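# A look at the structure
This is what each chain is made of:
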Amino acid sequence: RRYQQGKDSWRSFVSIPLVIEKELVGVLNFGHREPEAFIRLDLDMLSVLGSQAALIIRNLELVKRLRRSHRELQNSYTRLRQMQEQLLEQEQLKTISRMVTTLNHEINNPLTAIAGNAEMLLHRLDDDDPARLKLDTILTETHKLGSILQQLANMPHPVIESYLDDEEMYKLLPVEETASMDVK
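Residues numbered from 1 in each chain as written. Predicted model: local features only at pLDDT ≥ 70, side-chain atom pairs only at ≥ 80, totals over all residues. Heavy atoms only, no water.

In this structure, Ala153 sits in helix 2 (residues 131–153). In sequence terms Ala153 and Ile96 are 57 residues apart; their C-alpha atoms lie 9.7 Å from each other. Here Ala153 is in contact with Val100 and Asn104, once residues within four sequence places are set aside. (Helix = DSSP H or I, 4+ residues; strand = E, 2+ residues; numbered from the N terminus. Contact = heavy atoms within 4.5 Å.)

Moving on, we come to helix 2. For helix 2, spanning 23 residues, the distance from its first C-alpha to its last is 33 Å, which sits close to the expected 33 Å at 1.5 Å a residue. Those residues of helix 2 not exposed but buried are Leu135, Leu139, Thr142, Gly146, Ser147, Leu149, Gln150 and Gln151. If you follow the buried residues of helix 2, they end up packed against helix 1 (40–124). (Expected span 1.5 Å × (residues − 1). Buried < 20%, exposed > 50% of the residue type's maximum accessible area, 1.4 Å probe, protein only.)

Take the side chain of Ser12 next. With respect to the secondary-structure elements, Ser12 resides in strand 1 (residues 12–20). Apart from residues no more than four positions distant in its own chain, Ser12 is found in contact with Phe30, Gly31, His32, Glu34, Pro35, Glu36, Ala37 and Phe38.

Its identity is not glycine, yet Lys22 carries a phi of approximately 65 degrees, on the positive side. Residue placement: Lys22 occurs in the loop between strand 1 and strand 2 (23–32). Even without being a glycine, Leu164 presents a positive backbone phi close to 60 degrees. Examined against the element boundaries, Leu164 turns out to sit in the loop between strand 3 (160–163) and strand 4 (167–170).

Coordinates in, geometry out; function isn't part of it.
This is the structure:
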C-alpha cells in the first residue's frame, strides 16, 4: 500500500537491511498504524527474519546460477560428444583410405601382370583355340577387380549396406557400370 496521510496512514515504520557478508541484497520494510508499535524485541526478531530472508535470496541466486551453469555444461557436453563422433568418423575414414591405397597398390601390381600376360597369350593364340575362352574370362575378371579397386579408391562418402545377417559392407556400383574403367 502507498503511504497516505490520514486515519489509515502508517504511524510506525521500520526497515530491515538484508545483508550477507557485508553486501546489501535487499530491504524489508514494515509499517504499522499505531505509533511506536515496534519494540526492541520486534526489531530483534525482524533482524533475524531479515538475515534468513537474505540467505534465502542468496540461495535462490545460487540455484539460478547453478541451473544456468548446468545447462551450459550439458550443451558443452553435447557439443563435445558430437565433435568426438565426427573425429572418430574422420579417423575411421582415414584408416579406410590408407587401407584402400595399400590394397590398390598391392593388388593392382599383380593384377596388371596377370592381365598383361593374358593379353599377350591371346595375341599368340589362333582364333579357334579353346584356351582363348579361358584367357577372355581371366581378362574380364581382372578388369572387374581393377574396377572394384578403382571404385574403392575414388569413394568420396562410403555407403554402407547390410551383408549376410549381422555384417555390413561398402556398397559399390555394379561392375557393368564400371566396365569401361581400365586396370591401373
